[in-house]
Amino acid sequence: MRAVRTIAAGLVLALVSTAAARAVEDPLEPPDLGRYLRWGPFRVRPGLQLTDVGYDNNIFYRNTDRQGDYTAVIAPRAEGVVLFGHRAFVTFDEQLRYRTYAKFTRFNYLDQIGRARLTVPLGRIGVFGEVRLDRTHDRPADREDIRTLRKLDRGTFGILFRAGARTLVEIAHVRSDFRHSDPDNLSGGVPVSAILDRVESGETVDATWEARGRTALTLSASRRAIAFDTPSLTGDPADRRDATVRRLLPGVRLGLGGALTGSIELGPARLDYDSPGLRDYSGVVGEATLAYRVGRTTVRLIGERAVDFSVYEQNNYYVYDRGRLEGVRYLNRLVGLEAAYERGRLTVPATARSDRLSSYVAGVRLRFSENDLGRRVEYALRFTHYARTSTVPSFDRDQNVFGVAAIVGY
């Protein structure tokens, strides 16, 4: 108990302390070019991760007839900047993830996640356009036993301006096109595409006020109109799923330079269906990531409350809550120990289903090098246990993964 009080006191002191570092980078200025390597006209921070190299005893997330296999994920990444004259610049972030199996090779797949943003500063005002293209194989939170191919095409256009010496405001229109398929044909019943394919469009307003030192207060407001490709899965107008989502999320952001870093964003949200036959959502959503570092020890707290559309219930949504506590303690400059524990809960309000989720991780890290810019060479040996207990017994499952991971680059 005394140790817990000591950590809590340290977190409070770090939160109210000041530091020279800024809480946020100025979006009207290019990022610090000293953090990048020069590749012709490109400034790039390259990296390579090798994760989950080991054995997974339940690769299909089943509660019966489990199948295990040796697996690995290789993920190259490039984050960068391109300058256009003395004003405009492009920032980009591109990542590939290739998962391979030793025995079930037909389930190998390649993910791609990409984002690029063009900013044209015009004094205290700027205009920007952003494109995001993702092609990922995801396991829906309420149907982990299937693996959907999720395609996201998102375009964002807007303006940003300084509303004062310490205040930045960004106003944008966003359009997102979601497409889904089940390449392994595991879902059965109603196709995943009919359940989840949709277009979301609306406006966002984000404001940031640098309050003190490296601390910034944020406020994010958004409204999205959601139009499903298949408005009603039953043909009944009472099951029409088109909806409007509104969110208002105040938050706090702590920049690098202090013992405590991270951000918190939490506030009210509403999901209103056009049809009175479907249950609406009104409540709190948000996420938080805080890391406290003292000496060779880093403690990280992660929390999330999210609402998304359900594959299991088809016509409505689920609510997903989770909290994760993880820590790393380096015994010397080379060897570190890591541990993590996570609890979560998934509920589908239109049904009696409620799942309790838990996982823990234990591992050893070997860090061979790291510089001030974040470039490092690091290896890890980990054991992970995951379990789900549901009021619908067919969704009960557990999984053990033992493997190694490597990070080379930024």
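Just so we're clear, the structure is a prediction, and the values are computed from it rather than from any experiment.

1. Structural notes on the pattern of salt bridges
No. 1: Going through the model one piece at a time under the given rule, you end up with 32 salt bridges.
No. 2: Note that Arg-135 is salt-bridged to Asp-153, the shortest N-O span being 3.0 Å. Of this pair, Arg-135 sits in strand β6 (residues 125-138) while Asp-153 sits in strand β7 (residues 148-162), and the two are 18 residues apart along the sequence.
No. 3: Taking the relative accessible area as the measure of exposure, Asp-153 reaches 32% and is therefore partly exposed.
No. 4: Linking Asp-308 and Arg-198 is a salt bridge whose minimum nitrogen-to-oxygen distance equals 4.0 Å. Residue Asp-308 is located in strand β14 (residues 297-309), and its partner Arg-198 is located in strand β9 (residues 198-212); the two are separated by 110 residues in the primary sequence.

2. What about the confidence of the model for the chain?
No. 1: Mean pLDDT over the chain works out to 89, with 91% of the residues at or above the 70 mark.
No. 2: Considering only residues more than four positions removed or in separate chains, one finds that residues 1-21, a stretch of pLDDT under 50, has 21 contacts.

3. Some thoughts on the nonpolar core
No. 1: Within the largest apolar cluster, 19 residues are counted, with the highest numbers of intra-cluster contacts made by Leu-196, Leu-271, Tyr-273, Tyr-281, Phe-309 and Tyr-317.
No. 2: Broken down by secondary-structure element, the contributors of at least two residues to this core are α2 (192-196), β10 (215-228), β11 (243-254), β12 (260-273), β13 (281-294) and β15 (317-330).
No. 3: With residues near it in sequence (within four places) discarded, Tyr-273 still touches Arg-240, Arg-241, Asp-242, Ala-243, Leu-278, Arg-279, Asp-280, Phe-309, Asn-315, Asn-316 and Tyr-317.

4. Here we look at the pairing of β12
No. 1: Here β11 runs beside β12; their pairing, made up of nine bridges, is antiparallel. Residue pairing across strands places Val-252 opposite Ile-264, the latter belonging to β12.
No. 2: In this structure, the hairpin formed by β11 and β12 is closed by a connection of five residues, where Gly-257 is found at a positive phi of approximately 120°.
No. 3: Here twelve bridges tie β12 to β13, and the two strands are oriented antiparallel to one another.

5. Description of unusual backbone geometry
No. 1: Positioned with a positive phi, Asp-52 is a non-glycine residue whose angle comes to about 55°.
No. 2: Considering the arrangement of structural elements, one finds Asp-52 in strand β2 (residues 42-56).
No. 3: Despite not being glycine, Tyr-61 shows a phi value in the positive range, around 55°.
No. 4: The topology assignment puts Tyr-61 in the loop between β2 and β3 (69-84).
No. 5: A relative accessible area of 19% means that Tyr-61 is categorised as buried.

6. A look at the side chain of Ser-390
No. 1: By the element assignment, Ser-390 lies in strand β18 (residues 376-390).
No. 2: By relative accessible area, which is 10% here, Ser-390 ends up buried.
No. 3: Dropping the residues within four chain positions of it, Ser-390 is found in contact with Arg-353, Ser-354, Asp-355, Phe-395 and Asp-396.

So, how was this worked out
- Residues numbered from 1 in each chain as written.
- Predicted model: local features only at pLDDT ≥ 70, side-chain atom pairs only at ≥ 80, totals over all residues.
- Heavy atoms only, no water.
- Salt bridge = Lys/Arg side-chain N within 4 Å of Asp/Glu carboxyl O.
- Helix = DSSP H or I, 4+ residues; strand = E, 2+ residues; numbered from the N terminus.
- Buried < 20%, exposed > 50% of the residue type's maximum accessible area, 1.4 Å probe, protein only.
- pLDDT = per-residue confidence, 0-100.
- Contact = heavy atoms within 4.5 Å.
- Core = buried A, V, L, I, M, F, W, Y, C linked by side-chain atoms within 4.5 Å.
- Pairing = 2+ DSSP bridges.

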